[in-house]
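# Descriptive structure summary
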Amino acid sequence: MAYLMYPDIHGEKIAFASEDDLWVMKLGESKPTRLTSGFGAITKIKFSPKGDLIAFTRLQISGNSAAEVYVIPTEGGNVKRVTFFGSPTTTVVGWTPEGKLLVSSDFQTPFAAWRDLFEVDPNGGEPKRLNLGPVTAIAYGEKAFVIGRNNYDLTYWKRYKGGTRGVFWIDRGYKGEFVKFLELDGNLNSPMWVDGRFYFVSDHEGIGNLYSVDIEGKDLRKHTDMKDFYVRNANTDGKRIVFQSGGEIYLYQEGKALKLDINVPISGKQKQEFFDEGKSFNTFSPFSSDQIAVINRGRAYLLSWDSAPIPIGDISGNSRYKIVSSDGESILLVRYDDVIEVYDKDGEKKAELKPKVGMITGAKISKSRIVLSNKRGDLYLLSDGMKLIDHSDYGEITDFTINQNGWITYSKQEDLETFSIWTIIDDKKFRVTNATGRDFCPTFSNDGKYLFFLSVRHFDPVMDEMVFAYDFPAATKPFVAVMKKGVPSPFLSMEGDGELNLKGL
C-alpha cells in the first residue's frame, strides 16, 4: 500500500509524492502518472498559478543532503533546477500571482535557523531576497495577504504551544502593513484562502484539523473531525482543498472531506537494499605503502591502487567481520561471534583463535602479539597465552596501538572526565601522562624514540565575536614524549658551541 504525501490541486489535477517520487492524477481517475523516478526525496509540491508547472523540493538521499528547488511541466518532461543555494534548509513556499517562485532558505545567512524568503524566476535569473523575514508559508487572497512563521508540519511536535509555534501575520488591503493574525492556543500551519474565508490547520483542540475564520479572524469554524491522524500538508487552488492524513489524500469541497481512491503502482523501492559505499566501511587498517585492508558491509578486502580488491576471509556471507588490523605481514580479522582469524597477504588463513574475553571491541596485531579490548573495559595481551594487562572502571579501552617491537600504548579513562596515556614496554607498565586532562590517539614513532598523542589541554581563552563570553577554541593540540634516555627532544637543536636552542616541531 502506498503512502501518499504533500498533495496540491489545480483545476482537475492533483499532484502528490509517493515512494519519494512526484505523481500527477486527474480527479475522477484512480491511476496516477509518475513524473520522476529515483530523483531523490520529493517534498513540498506546488502547482504554478497557471497550472502548467509543478515546483517541488528535491532532497538528496546520499552525499551532503543538500536540498534544491526544481520545476517540471505538469504533463511531464525535463526537470529544471531553479535554485543553487547548496543548503539542506531550502524549500518551496509557494508562487506569487505573477508566476514567480517563493523559496525559503538559509542561503548566505550566518546560521541555519536564520532563513529568508527569496523570489526566484523559474525561467532563470538571480534570486531576489525579500524583506519579509523568516517566512515559511504564504496565502494570497483577494483582499489580504497572509504570511506564516514557524509553520512546520504539526506532527513534528504535536500539541506544541511554546514560543516558536506556528503563527500568521496578515496584510489587509496589500498595504505592506502586517499585524498578528489569529490567537489560538496551539500550533498553526497551511494558510489558504477559499471563497473569501481563511482556512488553516491547527491542533489547538488536540488533533490537527482543518479550520477557517473570516478576514477579521472571527467566526471560527471546524471543517474536519480527524481523530486518529492529523490533517497535514493542506493546499488549495482557491476553490477546493486537498490534504494528507494517515498516508491517504482527502479532497475537501462543499463542506465535506472525501478520501480519494488513488491506486499508486508502487515498485516497493523503499524495501530495496540501498548502500552508500562511503558510509559502509566499518573500519580499515594500512597494510603497506600502497595497500589497505578494509571491512565493507561485514566483508574484508585488501585494496591497492593498481589491482583488483583481494577478498580476505569467508566471502560466502556466513561470516561477518567487525574489526581489521594489519602489521604489514598479517591481517587480523574479528568476526561478530568474537572469533579471531589471521591471514597472510595472499588471503591464506594462518590461525583461528577463540579467546574467552567476552565481546571484543578492539584488536591490534604486531607479529605474534595481539592486543584485545572488550566491553568490560579490559585490555588483554594475547601472545604465548592470555594476559590481562589493564582495566578501566569508567569505559572501554579501544584507543591503543602496538608497534613492531611489541610495545603497547593506550589511552585509559581514569574517571568521568579524564583520559591518560599509558605504555607497556618489555612487559613493564608505565604512566606517560597524569589524569588531569583528556589525552588520546597515542602512537609510537617508527624508530620507537617518541610517543605522539593528542590532548585537550591547550586552554587559551578568547572572546567570542557573537556572544559576550570567553571560549576555548582549538583546545586539542599534538604532543610528544621522549621514550629513550639520551634521545634529544625534537623541540631542541644543538647549534654553535653546543648551546641548546628552541626549534619548532
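Up top you'll find the structure we're talking about.
Figured I'd write up the structure that's included with this text. (Residues numbered from 1 in each chain as written. Predicted model: local features only at pLDDT ≥ 70, side-chain atom pairs only at ≥ 80, totals over all residues. Heavy atoms only, no water.)

## Remarks on the overall build of the protein chain
Along the backbone of the protein chain there are 0 helices and 47 strands. Taken over C-alpha atoms, the radius of gyration comes to 32 Å for the protein chain, far larger than the 23 Å a tight globule of 505 residues would show. Dimensions of the protein chain, computed from C-alpha atoms along their principal axes, come out at roughly 90 × 60 × 45 Å. A buried classification covers 46% of the 505 residues belonging to the protein chain. Across the protein chain, the fraction of contacts at a sequence separation of at least 24, relative to all contacts at a separation of at least 6, is 35%. By element, 50% of the accessible surface of the protein chain is carried by carbon and sulfur atoms, the whole surface being about 27,200 Å². Positive and negative charge centroids in the protein chain, built from 63 and 68 side chains respectively, lie 3 Å apart. (Helix = DSSP H or I, 4+ residues; strand = E, 2+ residues; numbered from the N terminus. Rg over C-alpha atoms; globule rule 2.2 N^0.38 Å. Buried < 20%, exposed > 50% of the residue type's maximum accessible area, 1.4 Å probe, protein only. Contact = heavy atoms within 4.5 Å. Areas by Shrake-Rupley, 256 points an atom, 1.4 Å probe, with all protein chains shown as cover. Lys, Arg positive; Asp, Glu negative; His and termini not counted. Charge placed at Lys NZ, Arg CZ, Asp CG, Glu CD.)

## As for empty space enclosed by the protein
Scanning the entire structure with this criterion turns up 1 cavity of 30 Å³ or more. In this structure, the largest cavity occupies an estimated 40 Å³ of space. As for the largest cavity, its lining consists of Arg165, Gly166, Val167, Lys180, Leu182, Glu183, Leu184, Gly186 and Leu188. Grouping the amino acids of the lining of the largest cavity by side-chain chemistry returns 4 nonpolar, 2 polar and 3 charged. (1 Å grid on protein atoms, 1.4 Å probe; cavity = no way out; pocket = protein on both sides within 12 Å on 5 of 7 lines; lining within 4 Å. Points joined across faces, edges and corners; volume = space filled by probe spheres on them. Nonpolar A, V, L, I, M, F, W, Y, C, P; charged D, E, K, R; others polar.)

## A few points about the pattern of salt bridges
Counting across every chain of the model gives 27 salt bridges. Between Arg129 and Asp116 there is a salt bridge, with the nearest N and O atoms lying 2.7 Å from each other. Note that Arg129 is positioned in strand E12 (residues 128–129) and Asp116 in strand E11 (residues 116–120), a separation of 13 residues in sequence. Under the relative-accessibility criterion, Arg129 is labelled partly exposed at 35%. By relative accessible area, Asp116 is classed as buried at 11%. For the salt bridge of Arg335 with Asp337, the shortest nitrogen-to-oxygen distance reads 2.8 Å. With a relative accessible area of 47%, Asp337 lands in the partly exposed category. (Salt bridge = Lys/Arg side-chain N within 4 Å of Asp/Glu carboxyl O.)

## A word on the environment of Gly163
Examined against the element boundaries, Gly163 turns out to sit in the loop between strand E14 (144–149) and strand E15 (167–172). Taking the C-alpha atoms as reference, Gly163 lies 9.9 Å from Asn150; in sequence the two are 13 residues apart.

## Regarding the side chain of Thr109
Structurally, the position occupied by Thr109 is in the loop between strand E10 (101–105) and E11. Only 3.0 Å separates the side chain of Thr109 from the backbone oxygen of Phe111, close enough to count as a polar contact. A distance of 2.8 Å separates a polar atom in the side chain of Thr109 from the backbone oxygen of Trp114. (Polar contact = N/O pair within 3.5 Å; in protein donor to acceptor, adjacent residues only side chain to side chain.)

## Looking at a nonpolar patch on the surface
A surface patch of nonpolar side chains, about 460 Å² in accessible area, is lined by Phe111, Trp114, Met466 and Val467. Mapping Phe111 onto the fold places it in the loop between E10 and E11. Judged by relative accessible area, Phe111 falls into the partly exposed class, the value being 43%. (Patch = residues over 30% accessible without salt bridge, like charges linked within 9 Å, V, L, I, M, F, W, Y side chains within 5 Å.)

## A closer look at unusual backbone geometry
Phi at Tyr6 takes a positive value of approximately 50°, unusual for a residue other than glycine. Checked against the element boundaries, Tyr6 lands in strand E1 (residues 5–10). On the accessibility criterion, Tyr6 (18% relative accessible area) is buried. Phi at Cys441 takes a positive value of approximately 55°, unusual for a residue other than glycine.

## Here's the deal with the layout of surface pockets
A volume near 640 Å³ is recorded for the second largest pocket. What lines the second largest pocket is a set of 20 residues, among which Ser326, Thr401, Ile402, Asn403 and Thr443 lie closest to the centre. Elements represented by at least two residues in the lining of the second largest pocket include exactly strand E25 (281–288), strand E29 (321–326), strand E33 (360–366), strand E37 (400–402) and strand E41 (438–444). It is E25 that provides the largest number of residues to the lining of the second largest pocket, a total of 4 residues. Looking at the lining of the second largest pocket, its residues break down into 5 nonpolar, 13 polar and 2 charged.

## Some details on the packing of aromatic side chains
If you walk through the whole model with that rule in mind, you get 21 aromatic pairs. Taking 6.3 Å as the distance between ring centres and 80° as the angle between the ring planes, the aromatic pair formed by Phe39 and Phe56 counts as edge-to-face. Highlighted residues: Phe39 in the loop between strand E4 (33–34) and strand E5 (41–47) and Phe56 in strand E6 (residues 53–59), separated in sequence by 17 residues. Residue class for Phe56 comes out buried when judged on its relative accessible area of 0%. (Phe/Tyr/Trp six-rings, centres within 6.5 Å; stacked < 30°, edge-to-face > 60°.)

## Examining the sheet that holds strand E16 (residues 179–181)
Judged by pairing direction, the sheet is antiparallel, and its 4 strands sit side by side in the order E13-E14-E15-E16 without closing on themselves. Each of the sheet's edge strands pairs with one partner strand only, and the pair in question is strand E13 (137–140) and E16. Each strand of the sheet is rotated relative to its neighbour by a mean of 30°, with strand direction disregarded. As paired strands, E13 and E14 are joined by 4 bridges and run antiparallel to one another. The residue of E14 that forms the bridge with Ile138 is Ile147. (Pairing = 2+ DSSP bridges. Axes fitted to C-alpha atoms, helices over the stretch in contact; angles between N-to-C directions.)

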